[in-house]
Amino acid sequence: MKKESTAYTIFFILSLTLFFGAGVSLVHHLTRDMLAENELMHHNRTLIKAFGLETQGSSAADYLEAVENKLNIRKVVFENREWEVYTLKDQESSPVGFVFKGRGIWDVINGIIVLEHDLQKMLSLEFLEQHETPGLGARIEEEWFKEKFKGLKVDWDNEKKHRIIIGTTAQPDPENQVDSITGATQTSQALMDSINRELDAFKRLIQEKQILDRD
Amino acid sequence: MADTPRNILTQGIFSENAVYRQVLGICSALAVTNLLANTLFMCVGVIFTTVMSNVTVSLLRNHIPKRVRMITQVLIIASYVMMVDIVIKATSPDIHRFIGPYVGLIITNCIIMGRAEAFASQNRPWPSFWDGLAAGLGYSMVLIAIALVREPLGFGTVLGMDLPGKDIWWYQWTIMVMPPGAFFMLGIMTWIARARLVKE
């Protein structure tokens, strides 16, 4: 087969793709358990942070122990999706948290929202996964931005898409509004849409499944 | 090829350093240099990728059809970068969360493709190994130098450890935390390097 022939070129590229594809798959396979452990630790650590809880140390086992000892975790299937709802153990009128799933401009934005027991205020917002533009949209993960959501009013009387507002608004009601990130208007808008949609669905879930009434 | 490993290394790291001679690979130089730990991971990733892609391209150089040589190089580079990405994600997930997007961008780091095309595709594996190492070390040297200024001025730390007497004398230079700080540092470094290390 001549080196510059079409048949050789196709054969060469196919062989190379197979070889390197197998190599990458092998590395992925060998690290699969470590990746799963990291994922679990990240989830538990974010959960602990969202609820403002303390741990004995900072190992994966410490976070797991804190989650198991301090939080009630309920998995509920609602509207074709499995929801994870968290409340504090042994506490009346406990804050309630859930995993929200949204979309940014590039990819998914997932995280944990913790609300007051009566759902009137957000207590914290933490991110599990986001892939926004580094230096711009990805700044949603920075502490100063997340800090703004602590104590933010959820205005249930407002229309569905404006119960919390990220960015400017015609209505002068700062209680349910935080500033958007400069240079990341689209990410801010996408995050606002996701949170409002998830809050709405979460309220329906709470009402229909009567989750908090059983605490 | 008359070049000895020593010559290749000296050229790649100092006189022909791709960052300040050709202004290549500066996207990541700006992005990951505000903390030294992130910089070191990035440097290891780039060194591994330049060395491995150079050696692989060199080994295959007589078998690669000319019209698909660029796509072949991209395939090889992308595979090694994905391996680096997976390994960093598995071993240091917190650092990966910060530098993850830039690790993916190693694929488009012009230094790597530049060395594969300009050197490895025409030379034997052993010199190509040294050339890849030199290019990677040259890139690392500049990044580490920038990080060694940005982290102390921006955060008051080196590798996360507080500077001595930080509370008394240290004052935060916010600009060093942000990407423009790296622009200034890169400019100053290029100036110094071209004045002192490069003979025009």
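What counts and how
- Residues numbered from 1 in each chain as written.
- Chains lettered and ligands numbered in written order.
- Predicted model: local features only at pLDDT ≥ 70, side-chain atom pairs only at ≥ 80, totals over all residues.
- Heavy atoms only, no water.
- Salt bridge = Lys/Arg side-chain N within 4 Å of Asp/Glu carboxyl O.
- Helix = DSSP H or I, 4+ residues; strand = E, 2+ residues; numbered from the N terminus.
- Buried < 20%, exposed > 50% of the residue type's maximum accessible area, 1.4 Å probe, protein only.
- Core = buried A, V, L, I, M, F, W, Y, C linked by side-chain atoms within 4.5 Å.
- Contact = heavy atoms within 4.5 Å.
- 1 Å grid on protein atoms, 1.4 Å probe; cavity = no way out; pocket = protein on both sides within 12 Å on 5 of 7 lines; lining within 4 Å.
- Points joined across faces, edges and corners; volume = space filled by probe spheres on them.
- Nonpolar A, V, L, I, M, F, W, Y, C, P; charged D, E, K, R; others polar.
- Domains from an automatic or database assignment.
- Buried area = accessible area lost by both parts, 1.4 Å probe.
- Polar contact = N/O pair within 3.5 Å; in protein donor to acceptor, adjacent residues only side chain to side chain.
- Expected span 1.5 Å × (residues − 1).
- Phe/Tyr/Trp six-rings, centres within 6.5 Å; stacked < 30°, edge-to-face > 60°.
- Lys NZ or Arg CZ within 6 Å of the ring centre and 35° of its normal.

Engineer: So what's going on with the pattern of salt bridges? Residues and values would help.
Structural biologist: The tally for this structure, following the rule as stated, stands at 19 salt bridges over all chains. E79 of chain A is the partner of R204 of chain A in a salt bridge, and the nearest nitrogen-oxygen pair spans 2.8 Å. Pair noted here: R204 of chain A is in helix α5 (residues 185-209) and E79 of chain A is in the loop between β1 (71-78) and β2 (81-88), with a separation of 125 residues, a long-range link. For R204 of chain A, a relative accessible area of 30% gives the class partly exposed. Taking the relative accessible area as the measure of exposure, E79 of chain A reaches 46% and is therefore partly exposed. Note that E117 of chain B is salt-bridged to R69 of chain B, the shortest N-O span being 2.9 Å. Taken together, the residues E117 of chain B in helix α7 (residues 110-118) and R69 of chain B in helix α5 (residues 69-91) connect sequence positions 48 residues apart. Ionic contacts of the salt-bridge type, sharing partners, join the residues E79, K160, R163, D200 and R204 of chain A into one network.

Engineer: I'd like a rundown of the nonpolar core, residues and numbers included.
Structural biologist: Residue and element names in this part refer to chain A. If you look at the biggest cluster of nonpolar residues, it comprises 36 residues, and the most contacted ones within it are L115, M122, F149, I164, L191 and F202. For this core, the elements supplying multiple residues, two or more each, are β1, β2, β3 (96-103), β4 (108-115), β5 (122-130), β6 (165-166) and α5. The leading source of residues in this core is α5, at eight residues. Those residues in contact with I164 that lie beyond four places of it in its chain are M122, F149, L152, K153, V154, N176, M192, I195, N196 and L199.

Engineer: Can you lay out the layout of surface pockets for me, pointing to particular residues and giving the numbers?
Structural biologist: The calculated volume of the largest pocket comes to roughly 1700 Å³. Contributions of two or more residues to the lining of the largest pocket are made by α2 (32-50), β5 and α4 (143-147) of chain A together with α3 (26-31), α5, α6 (93-104), α8 (125-155) and α10 (174-177) of chain B. Tallying contributions element by element places α6 of chain B first for the lining of the largest pocket, with nine residues. Here the lining of the largest pocket is composed, by residue class, of 16 nonpolar, eleven polar and 16 charged. Around the second largest pocket, the lining comprises 13 residues; the ones closest to its centre are H43, E84, V99, K101 and L128 of chain A. Elements supplying a minimum of two residues to the lining of the second largest pocket: α2, β2, β3 and β5 of chain A. Of the residues belonging to the lining of the second largest pocket, the class tally is four nonpolar, three polar and six charged.

Engineer: Explain the domain arrangement of chain A to me, using residue names and the numbers behind them.
Structural biologist: Here chain A is partitioned into domain 1 (1-30) and domain 2 (73-214). Put simply, the middle of domain 1 of chain A and the middle of domain 2 of chain A, counted by C-alpha atoms, are 45 Å apart.

Engineer: If you had to explain the interface of chain A and chain B to someone new, which residues and values would you point to?
Structural biologist: The interface of chain A with chain B comprises 22 residues on the first partner and 28 residues on the second. Of the roughly 2200 Å² buried where chain A meets chain B, counting both sides, 71% is carbon and sulfur surface. Among the residues of chain A in contact with chain B, F12, F20 and V24 of chain A are the three that bury the most area, contributing 25% of the side total. Where chain A packs against chain B, one counts one salt bridge. Where D94 of chain B meets R45 of chain A, a salt bridge forms, and the shortest distance between an N and an O atom there is 2.6 Å. Applying the counting rule to chain A against chain B returns nine residue pairs in polar contact (both at pLDDT 80 or more). For the side of chain A that touches chain B, the secondary structure elements donating two or more residues are α1 (6-30) and α2 of chain A. Here the side of chain A that touches chain B takes twelve residues from α1 of chain A, the largest share from any one element. Looking at the side of chain A that touches chain B, its residues break down into ten nonpolar, nine polar and three charged.

Engineer: With reference to specific residues and values, describe α8 of chain B.
Structural biologist: Over its 31 residues, α8 of chain B runs 42 Å from end to end, which matches the ideal 45 Å to within 8%, given 1.5 Å per residue. Two residues or fewer after α8 of chain B comes G156 of chain B, characterised by a positive phi angle close to 75°.

Engineer: Give me the lowdown on the packing of aromatic side chains, citing residues and values where you can.
Structural biologist: Evaluated as defined, the whole model comprises 13 aromatic pairs over all chains. On the basis of an interplanar angle of 15° and a centroid distance of 4.0 Å, the ring pair of F98 of chain A and F202 of chain A is categorised as stacked. Of this pair, F98 of chain A sits in strand β3 while F202 of chain A sits in helix α5, and the two are 104 residues apart along the sequence. Given a relative accessible area of 0%, F202 of chain A falls into the buried group. Considering the side-chain rings of W126 of chain B and W130 of chain B, the 5.6 Å spacing of their centres and the 85° angle between planes classify their relative orientation as edge-to-face. Within this pair, W126 of chain B and its partner W130 of chain B are both found in helix α8, separated by four residues, close to a single helical turn. Exposure remark for W130 of chain B: the relative accessible area of 19% places this residue in the buried category. Here a set of aromatic residues connected by ring pairs shows up, and it is made of F19 and F20 of chain A together with F48 and Y80 of chain B. The residue whose ring lies beneath R81 of chain A is W83 of chain A, and the NZ or CZ to ring-centre distance is 3.9 Å.

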